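Read off the chains here:
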Amino acid sequence: MRDNHAGGPARVLAVANQKGGVGKTTTAINLGTALAAVGEKVLIVDLDPQGNASTGLGVPREARRVTIYDVVVDQRPVSEAVVPTAVPGLHILPADPDMSGVEIELSSAERRSYRLRDALARNAEDAGASSGVTGYDYVLIDCPPSLNLLTVNAMAAADAVLVPLQCEFFALEGLTQLMRTVELVRSSLNPRLEIQGVVLTMYDRRNSLSAQVAADVRAHFGDKVYEAVIPRNVRVSEAPSHGKPALIYDLKCAGSQAYLKLAREVVAAERRRRAALAA
Ligand code: ADP
Ligand code: MG
């Protein structure tokens, strides 16, 4: 197996959780930036019609002429939609707040669950590859806050699901529901779908509930839970309004450092996976 940077197919990760406000978009942006910072080539696919990832990365509206909507609904080539960001090595396939009708349009489309997967496959074909997404080490799909057809498209296109989990009451119940959906997608649409990992977000060390939830999640999901824990950090929440990832806005803050640690864990796990495949 060819090693990456980015000669081989990308590792495609769906950043998913049906709950809103748990840190999906923040994780897609900052994990993407941290991966790029350690030398990986990264594409963020903004699959949420709210377009928060695109806005948070400072993509101006006029740079969103071709969006994920055009790609999944009208089969426009991925390459026409992708734009660079201010972060070297980090590209984004943007969304636009105008695309709120995408879910309805998709529901009557042919191969409606595979629209994103087919689009990524066409992109690889155009690049002359036999399989996988080319030109990137990682593709991070920022999912909307529901288990709708868009999220199903993400899971059908992904190699694995990365779950940001907010340390709050009922977190485990939500996670169980998400795991059932992953099972369902695996048995019907995408048999190779794996769980990449669970990352605890908005951890508040002054709140005993945070520690309790973290302990419960680790007890249930063991080594699927990353060691890196993202703290609740005001710099992380301020960054998007400046159109910047937290890592660019304030590299030294605890949130940025936690995302760097997460990126190193993700890269290490990917190396181990590739080594196991090659053996
Ligand atoms: P989702 O994409 O799951 O809906 P977001 O990533 O948009 O969630 O996060 C929801 C809100 O919480 C946003 O306002 C974001 O800035 C804030 N937020 C996310 N992570 C953190 C963090 N580690 N510390 C402080 N605020 C955060
Ligand atoms: Mg979001």
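These remarks concern the structure in this document. (Residues numbered from 1 in each chain as written. Chains lettered and ligands numbered in written order. Predicted model: local features only at pLDDT ≥ 70, side-chain atom pairs only at ≥ 80, totals over all residues. Heavy atoms only, no water.)

### Some thoughts on the pairing of strand β4 (residues 90-93)
Stage number 1. As paired strands, strand β2 (residues 42-46) and β4 are joined by 4 bridges and run parallel to one another. When the sheet's bridge partners are listed, Val-42 is paired in β4 with Leu-90.
Stage number 2. Note that strand β3 (residues 83-84) and β4 share 2 bridges and pair antiparallel. Bridge pairing in β4 links Pro-84 to His-91. (Pairing = 2+ DSSP bridges. Helix = DSSP H or I, 4+ residues; strand = E, 2+ residues; numbered from the N terminus.)

### Brief notes about the sheet that holds strand β1 (residues 11-15)
Stage number 1. A sheet is described by the order of its strands in space; here 7 strands give the open sequence β3-β4-β2-β5-β1-β6-β7, paired in mixed fashion. Looking along the sheet, the strands with just one partner apiece sit at the ends: β3 and β7 (194-201).

### Describing the site of ligand 1
Stage number 1. The environment of ligand 1 is formed by 14 residues, the closest being Gly-21, Lys-24, Thr-26, Pro-231 and Asn-233.
Stage number 2. Lys-24 places a side-chain nitrogen or oxygen 2.9 Å from an oxygen atom of ligand 1.
Stage number 3. Between ligand 1 and the protein, one listed contact pairs a nitrogen atom with a backbone N or O atom of Pro-231 at 2.9 Å.
Stage number 4. Protein contact buries 78% of the 560 Å² of open area that ligand 1 shows by itself.
Stage number 5. Mapped onto the shell around ligand 1, the elements with two or more residues apiece are α1 (24-37) and α10 (234-238). (Near = heavy atom within 4 Å. Polar contact = N/O pair within 3.5 Å; in protein donor to acceptor, adjacent residues only side chain to side chain. Areas by Shrake-Rupley, 256 points an atom, 1.4 Å probe, with all protein chains shown as cover.)

### Here's the deal with a nonpolar patch on the surface
Stage number 1. Nonpolar side chains collect at one region of the surface, where Phe-169, Phe-170 and Leu-209 lie side by side and expose about 330 Å² of accessible area between them.
Stage number 2. Relative to the helices and strands, Phe-169 resides in the loop between β6 (160-166) and α8 (171-188). (Patch = residues over 30% accessible without salt bridge, like charges linked within 9 Å, V, L, I, M, F, W, Y side chains within 5 Å. Salt bridge = Lys/Arg side-chain N within 4 Å of Asp/Glu carboxyl O.)

### Structural notes on α1
Stage number 1. Along its 14 residues, α1 runs 19 Å from first to last C-alpha, staying within 8% of the 20 Å computed at 1.5 Å per residue.
Stage number 2. Of the residues making up α1, those classed as buried are Lys-24, Thr-25, Thr-27, Ala-28, Ile-29, Asn-30, Leu-31, Gly-32, Thr-33, Ala-34, Leu-35 and Ala-36.
Stage number 3. Looking one or two places after α1, you find Gly-39, whose phi comes out positive at around 100°. (Expected span 1.5 Å × (residues − 1). Buried < 20%, exposed > 50% of the residue type's maximum accessible area, 1.4 Å probe, protein only.)

### Regarding the packing of aromatic side chains
Stage number 1. Under the definition given, this model contains 1 aromatic pair.
Stage number 2. With a centroid separation of 4.7 Å and an interplanar angle of 55°, the aromatic rings of Phe-169 and Phe-170 are classed as tilted. In this structure, Phe-169 and Phe-170 share a single accessibility class: exposed. (Phe/Tyr/Trp six-rings, centres within 6.5 Å; stacked < 30°, edge-to-face > 60°.)

### Considering the environment of Leu-35
Stage number 1. Along the chain, Leu-35 falls in helix α1.
Stage number 2. Using a relative accessible area of 0% as the deciding quantity, one classes Leu-35 as buried.
Stage number 3. Leu-35 sits 55 residues away from Leu-90 along the chain, and the two C-alpha atoms are 8.7 Å apart.
Stage number 4. Ignoring anything within four residues of it in the chain, the contact list for Leu-35 reads Glu-40, Val-42, Tyr-138, Leu-140, Ala-263, Val-266 and Val-267. (Contact = heavy atoms within 4.5 Å.)

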